[in-house]
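Per-entry structural report
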Amino acid sequence: MSAPALLDRVRARLALEQGPPSRAGVAALVRAETGGLLGDDEVLRIVRDAVDELAGAGPLEPLLRAPGVTDVLVNGPGQVWLDRGAGLERTDVSFADDDAVRRLAVRLAAAAGRRLDDASPWVDVGLPDGTRLHAVLPPVSSTGTCLSLRVLRRSVHTLDDLASLGTLPGASEELLRALVRRRLAFLITGGTGSGKTTLLSALLGEVDPGERMVLCEDATELAPAHPHVVRLLARPANVEGAGEVTLRDLVRQALRMRPDRLVVGEVRGAEMTDLLAALNTGHDGGCGTLHANRPAEVPARLEALGVAAGLGREAVHSQLAAALAVVVHLRRMPEGRRVAEIGVVQRIGDLVTVEPAWSADGRPVPARGRLEELLAPAGGEAP
């Protein structure tokens, strides 16, 4: 019996069973179908293929398991791409047709308790293993079923690790350590895949062990080396549209949990208003990440989020001026991820700007003196 035919028969038998297939169960079926004539290596390969297709991500599973892969993207049956830190690479993986891609997308969505069909043609959900799934079905996607899988790997690097990797050029390491010690509120900004979460996790590992941190996240990404961490996770609504827990809900609950440091994994919605309010009411040292192309764009980005949440423009800038002190900006470069700029939040008239205070490329930094003031300990000198 050929391997594809054997795999088809194993699939058919597994389809009659309840619950997800176990590797031991699949191995027993393979041996039963072949009468024990296959060697261990061949049995293991067929077991892996069957489990990947029926309980994993099918032909995408080896890509998701590969070291360093952060994203796997499917633009129809013949185009599968991955990103492992150096930009997108096209793979030789393909699907038989668009129906095969659609079946995979529907099954993955169902595994997370979400519906994906013609009446609900897209889904954005976290899978049980932590992978983030986004899928769009035709005709919304004119190129066929599209899948985007983000592999969420917990950030376990320390600040020393990042320094050794070259992420902290020049004086940035010393400045960031002082930033944490001084309990200043800060945001880490950058584009997708620039290392914002990795740097934030490393900085949280520098927090005094006697402080209590409450983390609010969409998915479990931050893993600071700290003895007192409380983690709150958002969740989407279920199939019936009930049970949603937003980041804004989490921030409000976190404020009642006596946090010494309030952390929002990624600021991207109405939770921004609650975070700014918290930082204005005695919760020093709060922090988070924000998608932004440049530090100078941060006020406009936060303004848009605040106005969408019901705050006026002047109110957003007033809250921002009093709440946030520093912006740390990362860039993704061919040689790796780097801290490119540290900016200081300053109020000019009714509006807030972010002025450069340190730059990796040696550009003029008009707010250097202000950063030194913020980082200087009482009666001492700044780094």
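Scroll up a little and you will see the structure.
The shown structure was predicted, so the numbers you read here are calculated from the model rather than taken from an experiment.

Let us now look at the sheet that holds strand S8 (residues 213-217). Within the open sheet, the 8 strands sit side by side as S9-S8-S10-S11-S7-S12-S13-S14. Their pairing is mixed. One side of each edge strand has no neighbouring strand; the edge strands of this open sheet are strand S9 (229-233) and strand S14 (351-359). When strand polarity is set aside, the average angle formed by the axes of neighbouring strands in this sheet is 25°. The strands touched by helix H11 (residues 298-308) within the sheet are strand S7 (186-190), strand S11 (287-291), strand S12 (326-333) and S14, with S11 carrying the most contacts at an inclination of about 95°.

All right, on to the pairing of strand S1 (residues 71-75) then. Bridge count for S1 against strand S6 (residues 146-150) is 5 bridges, and the pairing is antiparallel. Its bridge partner being in S6, Val-74 is matched across the sheet by Leu-147. Both S1 and strand S2 (residues 80-83) contribute to a ladder of 4 bridges, which runs antiparallel. Among the inter-strand pairings, Val-72 is bridged to a residue of S2, identified as Leu-82.

Moving on, we come to the side chain of Glu-341. Position of Glu-341 relative to the elements: it lies in strand S13 (residues 336-348). Given the relative accessible area of 6%, Glu-341 is considered buried. Of note is the side chain of Glu-341, whose polar atom sits 2.8 Å from the side chain of Arg-363. For Glu-341, the residues in contact, after removing those within four places along its chain, are Pro-295, Val-327, Val-328, His-329, Pro-356, Trp-358, Ser-359 and Arg-363.

Let us look at the packing of helix H10 (residues 271-279) against helix H12 (residues 313-323). Between H10 and H12, whose axes approach to 8 Å, the crossing angle comes to 45°. Here H10 is positioned oblique relative to H12, judged by the angle of their axes. In the crossing of H10 with H12, the sense of the turn from one axis to the other is left-handed. Contact with H10, carried on its side by Leu-276, Ala-277 and Leu-279, involves Val-316, Gln-319, Leu-320 and Ala-323 of H12 and no other residues of that element. When the residues that make up the contact of H10 with H12 are grouped by side-chain class, the tally is 6 nonpolar, 1 polar and no charged.

This part covers the environment of Leu-187. For Leu-187, the location among the structural elements is in strand S7. Sequence separation between Leu-187 and Pro-295 is 108 residues, and the spatial gap between their C-alpha atoms is 9.7 Å. Not counting chain neighbours up to four residues away, the residues in contact with Leu-187 comprise Val-267, Gly-288, Thr-289, Leu-290, Val-298, Leu-302, Leu-324, Val-326, Val-327 and Val-328.

Take the packing of helix H9 (residues 247-254) against H10 next. Contact pair H9 / H10: the axes reach a minimum separation of 8 Å and the direction vectors enclose 20°. Taken as axis vectors, H9 and H10 run roughly parallel relative to one another. H9 and H10 meet at a crossing whose hand is left-handed. Judged by residue contacts, Leu-247, Arg-248, Val-251 and Arg-252 of H9 engage Glu-271, Thr-273, Asp-274 and Leu-275 from H10. Its residues assigned to classes, the contact of H9 with H10 comprises 3 nonpolar, 1 polar and 4 charged.

Grouped together as the largest cluster of nonpolar side chains are 35 residues, with contacts concentrated most on Leu-176, Leu-199, Leu-204, Val-326, Val-339 and Leu-371. Not counting residues within four places of it along the chain, the set of residues in contact with Leu-204 comprises Met-213, Leu-215, Leu-222, Pro-224, His-226, Val-263 and Cys-287. One finds Leu-187, Cys-216, Ala-254 and Leu-302 within the second-largest nonpolar core, a separate group that totals 31 residues.

Following the criterion strictly, the structure yields 23 salt bridges and no others. The closest approach of N and O atoms between Arg-177 and Asp-160, which form a salt bridge, is 2.7 Å. One end of the pair, Arg-177, is in helix H7 (residues 172-181); the other, Asp-160, is in helix H6 (residues 159-164), and 17 residues separate them in sequence. Here the residues in one salt-bridge network are Asp-160, Glu-173, Arg-177 and Glu-206, joined through shared partners.

We now examine H11. Residues Val-298, Pro-299, Leu-302, Glu-303, Leu-305 and Gly-306 constitute the buried set of H11. For H11, the angular spread of buried residues about the axis comes to 165°, placing them on one side. Against the buried residues of H11 lie S7, H10, S11, H12, S12 and S14. A positive phi of about 110° marks Gly-310, the residue just after H11.

With respect to topology, 6 strands assemble into an open sheet ordered S3-S2-S1-S6-S5-S4, the strand pairing being antiparallel. Strands at the two margins of the open sheet, each flanked by one partner only, are strand S3 (88-90) and strand S4 (122-126). Adjacent strand axes in the sheet meet at a mean angle of 15° when their direction is disregarded. Taken together, the 5 bridges between strand S5 (residues 132-136) and S6 define a ladder with antiparallel strand orientation. Counted as the bridge partner of His-134 is Ser-148 from S6.

What counts and what doesn't
- Residues numbered from 1 in each chain as written.
- Predicted model: local features only at pLDDT ≥ 70, side-chain atom pairs only at ≥ 80, totals over all residues.
- Heavy atoms only, no water.
- Pairing = 2+ DSSP bridges.
- Helix = DSSP H or I, 4+ residues; strand = E, 2+ residues; numbered from the N terminus.
- Axes fitted to C-alpha atoms, helices over the stretch in contact; angles between N-to-C directions.
- Contact = heavy atoms within 4.5 Å.
- Buried < 20%, exposed > 50% of the residue type's maximum accessible area, 1.4 Å probe, protein only.
- Polar contact = N/O pair within 3.5 Å; in protein donor to acceptor, adjacent residues only side chain to side chain.
- Parallel < 35°, antiparallel > 145°, perpendicular 65-115°, else oblique.
- Left-handed = near helix turned anticlockwise from the far one by under 90°.
- Nonpolar A, V, L, I, M, F, W, Y, C, P; charged D, E, K, R; others polar.
- Core = buried A, V, L, I, M, F, W, Y, C linked by side-chain atoms within 4.5 Å.
- Salt bridge = Lys/Arg side-chain N within 4 Å of Asp/Glu carboxyl O.
- Arc of directions from axis to C-beta.

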